[in-house]
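Analysis of the macromolecular model
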Amino acid sequence: MMLSSLAFLGMMYSCNHKNMIKEEPAINIANLDTTIKPGADFFRYANGNWLKNNPIPAEYSIYGSFEALKEDNNKQLRTIMEDAVADKNAKAGSVKQKIADFYSTGMDTVAIEKTGIKAIQAELDKIDAVKNISDLIKLVAYFHVSGISPFFYFGSGQDDKNSEKVIAQLYQGGLGLPDRDYYLSTDARSKEIRQEYVKHVGKTFELAGNNKEQADKNAETVMSVETGLAKVSSTRLELRDPIKNYNKTDLAGLKKMAPQFDWDQYFAAIGLKATGEINVGQPKFFSEMAKMVARIPVDQWKIYIKWNLIHEASPFLSSAFDKEQFSFYSVVLSGIKEMKPRWKRVLNTTSYCLGEAVGQLYVEKYFPPEAKKRMLELVNNLKDALKSRIEKLSWMGNATKKDALAKLAKMNIKIGYPDKWIDYSALTINKSSYYENIMAASRFGFDRDLNKIGKPVDRKEWGMTPQTVNAYYSPNMNEIVFPAAILQPPFFFLHGDDAVNYGAIGVVIGHEMTHGFDDQGRLYDKDGNLRDWWTREDAANFEKQTKVLIDQFNSYKMLDSLHVDGKLTIGENIADMGGLTVAYVALQKAMQGKDQTIKIDGFTSDQRFFLAYAQVWRGNTRDKELMRRLKEDVHSPKEARVNGQVYNIPAFYKAFDIKPSDKHFKPENQRPVIW
Ligand SMILES: [Zn+2]
């Protein structure tokens, strides 16, 4: 089961931590556009001037609160990395030494340009040496261990029906485009992307030393193989159904399902001695993929795997490869104008490959312990609020309520950073080469993953690093997690008033909690097991309310003719609505006994709550990026996350005095009530 995140989707010092949290007005009045009525377009009323004054920087496809905070974050992480490089006393084998060498080999463009494609010569030779299917399977295993995933993904994960145990997991994959639909859709935009993709693959093969004719032929081969895989892949919608994607078997069952792929050889080559139980996410994909392995000549597979290798390695090779990849994945797919400066790209790779090593230094330097305390209070108040909402729900019966409340009571909370860090001592990072360091980190990550198979789950582990501006709910762990990096403005105001904190981070907390009760999360019980604990009547009532929200978002038009996919985004939309509702209840409790008529900057507490929510989602998006996200992203566009939600919330009508004559006014009986 995948995590449900908030957004799409990276020893105390003596200094005074308080000074490191930005102090800014929680609601900056200058960001509003008060020429627009709250009842006409609340997104632009709350953010209009910010949107006008913050055009998308050339290196971005989307720019808003998340990206602005990531930029601040980048500066902090850069300091950490440059300090590590400058520290001549860093002990060999320490996380500081590893970060320093990783970052500095990445910044050494002289060496990288000089080496060029030779950085992956050993791997290219391995591919050339393949003679038959048996060699091919071993090669696939070799690349999987190195973090490159032709054909499919292999990893470990909790057993959906026995969440105490970690088992082997197989998941569809092997595509160079971000989704199967790009290969199969007949709309003009998809066709254009396919043409550009084939050109890009061809150019990449030319850069790797093929003449144009051969390179173009290779590109056609890659496209044909990947289209074959796309045809047998599940759709995004199908992937959202936990029941469809739970197909537990064992080695014998897998061999029966996909006999043409030599699984014994594969598992031996990746180093998995006892396979035990295996979940095959998409059985149809695996049985058809195995048939393809037998049917398609080995020489074509070699070209496909070569493409997988060069494609994955391109950002770490010489600039010609890097630029070619940028020209397709960033320019064609997302409309980005300019490459990010190298330090940001290397920093992100370092932060990704050495996640918790970087995280340790990040929280030591930048995370104030007071933030954790305030956050814990907020989470507990939100939990109480959701509890009182569930108790009062009119559409849910007592039997289901009992289990829902038990699930909420057992929901675990993680804030800031892990109690126990990943031990990086088995990972060697040195000054030799950027690409080698990346491979070493990938192999280290793969081995860690492999070692979990067949063992009890480690409840101390985190699924995101502390330096990530995001949050998540894990259905198998039944827990909500808030990394340190999101506990900053405009999400979290350490010294802010209640209204802005409940409207921003409060809704984020409520959003993650609600994921435990969205269309996917509700299928898991308090122990994180896929088990139906709903009465038939309550499940039907849930579906009925959900349908209203699906229809509503389906009718949400973007870019004239496109619309939000109500079904794809339903889990996130339920979470946003639940988050808003529950955070508002929690705010009312926090305000009890306080004077609610006091205004700050001319706004009441309730108004500031909704303004704080809207500014979390402020941001501009390029058209191409919006088109891409409408297809791929389970989250609705920023504008819809505000305007698609607030007009469903009764308190919003009161706070801004929305009247039936207002554009977005909705009669009460048309507003869905879920949590
Ligand atoms: Zn979410």
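Conventions we followed
- Residues numbered from 1 in each chain as written.
- Predicted model: local features only at pLDDT ≥ 70, side-chain atom pairs only at ≥ 80, totals over all residues.
- Heavy atoms only, no water.
- Core = buried A, V, L, I, M, F, W, Y, C linked by side-chain atoms within 4.5 Å.
- Buried < 20%, exposed > 50% of the residue type's maximum accessible area, 1.4 Å probe, protein only.
- Helix = DSSP H or I, 4+ residues; strand = E, 2+ residues; numbered from the N terminus.
- Contact = heavy atoms within 4.5 Å.
- Pairing = 2+ DSSP bridges.
- Axes fitted to C-alpha atoms, helices over the stretch in contact; angles between N-to-C directions.
- Left-handed = near helix turned anticlockwise from the far one by under 90°.
- Nonpolar A, V, L, I, M, F, W, Y, C, P; charged D, E, K, R; others polar.
- Expected span 1.5 Å × (residues − 1).
- Polar contact = N/O pair within 3.5 Å; in protein donor to acceptor, adjacent residues only side chain to side chain.
- Salt bridge = Lys/Arg side-chain N within 4 Å of Asp/Glu carboxyl O.
- pLDDT = per-residue confidence, 0-100.
- Parallel < 35°, antiparallel > 145°, perpendicular 65-115°, else oblique.
- Bend = angle between axes of the 7 residues up to and from the residue.

**Quick notes on the nonpolar core**
Among the nonpolar cores identified, the biggest contains 200 residues, and Phe 42, Phe 152, Phe 154, Trp 263, Tyr 266, Phe 610 and Trp 675 are the most heavily contacted of them. In terms of residue count, helix α23 (residues 570–591) provides more of this core than any other element does, 11 residues in total. Once you skip the residues sitting within four places of it in the chain, Trp 675 turns out to touch Arg 389, Ile 390, Leu 393, Trp 395, Met 396, Thr 514, Phe 517, Trp 534, Phe 542, Ile 574, Gly 578 and Thr 581.

**Re the sheet that holds strand β1 (residues 4–5)**
Taken together, the 4 strands give an open sheet; going across it, the order is β1-β8-β9-β7, and neighbouring strands pair in mixed fashion. Of all the strands in the sheet, just β1 and β7 (412–416) have a single pairing partner and so form its edges. With 3 bridges joining them, strand β8 (residues 472–474) and strand β9 (residues 479–483) adopt antiparallel strand pairing. Pairing of Tyr 473 across the sheet is with Ile 480, part of β9. Across the sheet, helix α21 (residues 498–515) touches β1, β8 and β9, and the angle it forms with β9 is around 150°.

**Some words on the packing of α23 against helix α24 (residues 605–616)**
For the pair α23 and α24, the least separation of the axes is 11 Å and the interaxial angle reads 150°. Judged by the sense of rotation from one axis to the other, the crossing of α23 with α24 is right-handed. Along the contact surface, α23 presents Asp 576, Leu 580, Ala 583, Tyr 584, Leu 587, Gln 588 and Met 591, while α24 presents Ser 605, Asp 606, Phe 609, Phe 610 and Tyr 613. Its residues assigned to classes, the contact of α23 with α24 comprises 8 nonpolar, 2 polar and 2 charged.

**Some remarks on helix α20 (residues 434–452)**
End to end, α20 covers 28 Å across 19 residues, agreeing with the expected 27 Å (1.5 Å per residue, within 8%). Buried residues of α20: Tyr 434, Tyr 435, Asn 437, Ile 438, Met 439, Ala 441, Phe 444, Phe 446 and Leu 450, and no others. Between the side-chain oxygen of the N-cap and the backbone nitrogen of Tyr 435 there are 3.3 Å, and the N-cap of α20 in question is Ser 433. Immediately downstream of α20, the backbone of Gly 454 shows phi near 85°, a positive value.

**A closer look at the pattern of salt bridges**
Taken as a whole and assessed by the stated rule, the structure comprises 46 salt bridges. A salt bridge links Asp 527 to Lys 410, with the shortest nitrogen-to-oxygen separation between them at 2.5 Å. Of the two residues, Asp 527 sits in the loop between α21 and α22 (536–554) while Lys 410 sits in helix α19 (residues 398–410), which places them 117 residues apart along the sequence. On the basis of relative accessible area, Asp 527 is assigned to the partly exposed category, the value being 27%. Overall, Lys 410 belongs to the partly exposed group, its relative accessible area being 48%.

**Points about the confidence of the model for the chain**
The predicted model of the chain has a mean per-residue pLDDT of 95, with 97% of residues at 70 or higher. Contacts of residues 9–23 to residues separated by more than four positions or lying in other chains number 27 contacts, the stretch itself having pLDDT below 50.

**Details of the pairing of strand β3 (residues 152–159)**
In regular strands, side chains alternate between the two faces of the sheet. For β3, a buried count of 7 out of 8 residues is recorded, marking the element as mostly surrounded by other parts of the structure. Of the strand pairs in this sheet, β3 and strand β4 (residues 162–172) are connected by 8 bridges, and their pairing is antiparallel. Pairing of Phe 154 across the sheet is with Leu 170, part of β4. Connecting β3 to the next strand, β4, in antiparallel fashion are 2 residues.

**Some points on the packing of helix α6 (residues 133–145) against α20**
Taken N-terminus to C-terminus, the directions of α6 and α20 make an angle of 100°; their axes are 8 Å apart at the nearest point. Between α6 and α20, the crossing angle belongs to the class labelled roughly perpendicular. Within the contact between the two elements, α6 uses Tyr 142, His 144 and Val 145 and α20 uses Ser 442, Arg 443 and Phe 446. Among the residues making up the contact of α6 with α20, the classes are represented as 3 nonpolar, 2 polar and 1 charged.

**Observations concerning the sheet that holds β3**
The sheet built from 4 strands is open, its strands ordered β3-β4-β6-β5 with mixed pairing. Here the strands that pair on one side only, and so sit at the sheet edges, are β3 and β5 (248–249). Across 2 bridges, the pairing between β5 and strand β6 (residues 278–280) is antiparallel. Bridging across to β6, Thr 249 finds its partner in Ile 278. Packing of helix α13 (residues 283–295) onto the sheet brings it into contact with β3, β4 and β6, and relative to β4 it is tilted by some 40°.

**Comments concerning helix α15 (residues 319–334)**
At Phe 326, α15 shows its largest bend, some 30°. Of the residues making up α15, those classed as buried are Phe 321, Asp 322, Glu 324, Gln 325, Phe 326, Phe 328, Tyr 329, Ser 330, Val 332, Leu 333 and Ser 334. On the buried face of α15, the contacting elements are α8 (188–207), α14 (298–313), α16 (342–353) and α25 (623–632). Looking one or two places after α15, you find Gly 335, whose phi comes out positive at around 75°.

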